[in-house]
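An overview of the molecular structure
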Amino acid sequence: MTTVFVDRLALIKASGRILHWRELRATVAYCPICEARRAFVRLKNDEMAARCLTCRGSAVSLSIVSVLRKLAPGLRGMDVYELSSRGPLYQYLKVRARKLTVSEYFHDVPGGQFRGAIQCQDVQQLTHADASFDLCTSTEVFEHVPQDANAFSEMFRVLRPAGLLVFTVPLHGEQQTVERAALMPTGEVRHLLPPQYHGDPLSSGRILAFRTYGSDITQRLRNAGFVDARIVLPEDRIPWGFARPVVVALKSR
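Bear in mind the structure is a predicted one, so any value in this text is a computation, not a measurement.

1. Examining unusual backbone geometry
Positive phi, normally seen in glycine, also occurs at Ala131, with a value near 50°. For Ala131, the location among the structural elements is in the loop between strand E7 (118–119) and strand E8 (133–139). You can call Ala131 partly exposed: its relative accessible area is 35%. One non-glycine residue with positive phi stands out, namely Trp240, at about 60°. Residue Trp240 is classed as partly exposed on the basis of its relative accessible area, which comes to 24%.

Shown next as C-alpha cells:
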C-alpha cells in the first residue's frame, strides 16, 4: 500500500473514533492555506476535529498561516525553519519559501543526526549556525519543552537580523503562565499539577505539557532577546469561531 493510502486509512479510522453525530457540521469558507474557498467538516465541537477537506488544515494551522500571509508577504525570498516535517503548515511553507529546513525531536537520536530523511533537533540546543533563517515557525511545541527559556534563546540565535518567530501554543487567557511539570537533574519529571497531555484527536500521540502559557509569554520572549513580542489574532475568519491566537516575536535589525 502507498503511504498516502495508509495515511488516509488511518485518518478514516481516527475519524470514526471521534465522530459525534449530533455535533457533525459542514460548511464552505475561505481557507488561508489553500488560498481559496473550500469545504470544511467538524466531526465534533472541538477545534482539532474541524478541518479543511482539501489541505486537512486545523484551526491551529489555519490561524498561523493567516498571520504569516500578513506578516511575511515576502516568504518566497525567505529561508524558513519549521519545527515539524509534516502537516498543512509544512506543505504551505514547502511550496512558498525560498528554502525550507525542517526537523523533528527523537529522544533516541543525537541532535543534528538523521532518522531516515528527517533531521533530529532539540530546540533547547539546536545545531544550526547563528543567523541561519529569516523566519522560524512552529505549532504547539514550546509547551512541551522542559526549558523553554533555552528554546526561545535558540530561536533568537538562529534568526537573522529582523527575523521573525511565529508560533502557536495553548494560551489560557490569564497573565501568568502555569508551570505544570519540571524536569529534574536526574532526568525524572516532577509533576507540579496533575499531568496534562496534548494530542491531535486524529492521531494516537500524547505528549506531556510542561506548562500552560499566559500572556506573559511575550515577556519570556523579550527576556530571550527579542525586541518586540505580541499575541495577534488571524484576520481570516476561521470556521466555527475556532481562531487561535498566534505569538509573534521580532529580532532587532
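The structure having been displayed, the exposition proceeds.
2. Focus: the sheet that holds strand E9 (residues 159–168)
Ordered by their spatial adjacency, six strands build an open sheet running E5-E4-E8-E9-E17-E16, and the pairing between neighbours is mixed. Looking along the sheet, the strands with just one partner apiece sit at the ends: strand E5 (99–102) and strand E16 (228–232). Geometrically, the sheet is characterised by an average inter-axis angle of 15° between neighbouring strands, direction not taken into account. Two elements, strand E4 (residues 79–82) and E5, share four bridges in a ladder whose sense is parallel. For Tyr81, the partnering residue across the bridge sits in E5 and is Thr101. Of the strands in this sheet, E8, E9, E16 and strand E17 (246–250) touch helix H2 (residues 59–71), which is tilted by about 150° from E9. Seen against the sheet, helix H4 (residues 148–158) touches E4, E8 and E9 and runs at an angle of roughly 140° to E9.

3. Concerning the nonpolar core
With 30 residues, the main nonpolar core has Cys31, Leu68, Leu75, Leu135 and Val166 as its most contacted residues. Looking at this core, the elements that each hand over two or more residues are strand E1 (25–31), strand E3 (50–52), H2, helix H3 (88–94), E9 and E17. Ignoring any residue separated from it by four or fewer positions in sequence, one finds Cys31 in contact with Ala36, Arg38, Phe40, Cys52, Cys55 and Leu62. The next biggest cluster of nonpolar side chains, apart from the first, holds 26 residues, and it includes Leu83, Val141, Met155 and Tyr213.

4. As for the packing of aromatic side chains
The relative placement of two aromatic rings is captured by the distance of their centres and the angle of their planes. Under the defined criterion, the tally for this structure stands at five aromatic pairs. Measuring from centroid to centroid gives 5.1 Å for Tyr81 and Phe133, while their planes differ by 20°, and the two rings are stacked. Taken together, the residues span a long stretch of sequence, with Tyr81 in strand E4 and Phe133 in strand E8 at a distance of 52 residues. Take Phe133: its relative accessible area is 5%, and that puts it in the buried class. Ring pairs connect the aromatic residues Phe142, Phe152 and Phe167, which therefore count as one cluster. The ring of Phe106 has Arg115 lying over it, and the distance from NZ or CZ to the ring centre is 4.8 Å. The cationic tip of Lys251 hangs over the ring face of Phe156; the distance from NZ or CZ to the ring centre is 4.5 Å.

5. Notes on a nonpolar patch on the surface
On the surface, a nonpolar cluster with roughly 200 Å² of combined accessible area is contributed by Val178, Leu192 and Leu193. Tracing the backbone through its elements, the reader meets Leu193 in the loop between strand E12 (189–191) and strand E13 (197–198).

6. A few points about the pattern of salt bridges
A full pass over the atoms with the stated rule returns 17 salt bridges. In this structure, Arg160 engages Asp79 in a salt bridge whose closest nitrogen and oxygen atoms are separated by 2.9 Å. Note that Arg160 is positioned in strand E9 and Asp79 in strand E4, a separation of 81 residues in sequence. When its relative accessible area of 24% is taken as the criterion, Arg160 is described as partly exposed. Classification of Asp79 by relative accessible area gives buried; the value is 12%. Two residues, Arg160 and Asp134, come together in a salt bridge whose shortest N-O distance is 3.0 Å. Here Asp134 lies in strand E8 and Arg160 lies in strand E9, a separation of 26 residues in the sequence. Residues joined by salt bridges that share partners form a network here, namely Asp79, Arg98, Asp134 and Arg160.

7. Concerning empty space enclosed by the protein
Where empty space is left can be seen by rolling a probe of water-molecule size over the atoms. For the coordinates displayed, the defined rule picks out one cavity of 30 Å³ or more. Considering the residues around the largest cavity, the lining is formed by Phe40, Ala50, Arg51, Cys52, Gly57, Ala59, Leu62, Ile238, Pro239 and Phe242. Going through the elements one at a time, E3 and H2 are the ones with two or more residues in the lining of the largest cavity. Counting residues per element, the lining of the largest cavity draws most heavily on E3, at three residues. Here the residues of the lining of the largest cavity sort into eight nonpolar, one polar and one charged.

Parameters and conventions
Residues numbered from 1 in each chain as written. Predicted model: local features only at pLDDT ≥ 70, side-chain atom pairs only at ≥ 80, totals over all residues. Heavy atoms only, no water. Helix = DSSP H or I, 4+ residues; strand = E, 2+ residues; numbered from the N terminus. Buried < 20%, exposed > 50% of the residue type's maximum accessible area, 1.4 Å probe, protein only. Pairing = 2+ DSSP bridges. Axes fitted to C-alpha atoms, helices over the stretch in contact; angles between N-to-C directions. Contact = heavy atoms within 4.5 Å. Core = buried A, V, L, I, M, F, W, Y, C linked by side-chain atoms within 4.5 Å. Phe/Tyr/Trp six-rings, centres within 6.5 Å; stacked < 30°, edge-to-face > 60°. Lys NZ or Arg CZ within 6 Å of the ring centre and 35° of its normal. Patch = residues over 30% accessible without salt bridge, like charges linked within 9 Å, V, L, I, M, F, W, Y side chains within 5 Å. Areas by Shrake-Rupley, 256 points an atom, 1.4 Å probe, with all protein chains shown as cover. Salt bridge = Lys/Arg side-chain N within 4 Å of Asp/Glu carboxyl O. 1 Å grid on protein atoms, 1.4 Å probe; cavity = no way out; pocket = protein on both sides within 12 Å on 5 of 7 lines; lining within 4 Å. Points joined across faces, edges and corners; volume = space filled by probe spheres on them. Nonpolar A, V, L, I, M, F, W, Y, C, P; charged D, E, K, R; others polar.

These figures come from the coordinates and say nothing about function on their own.
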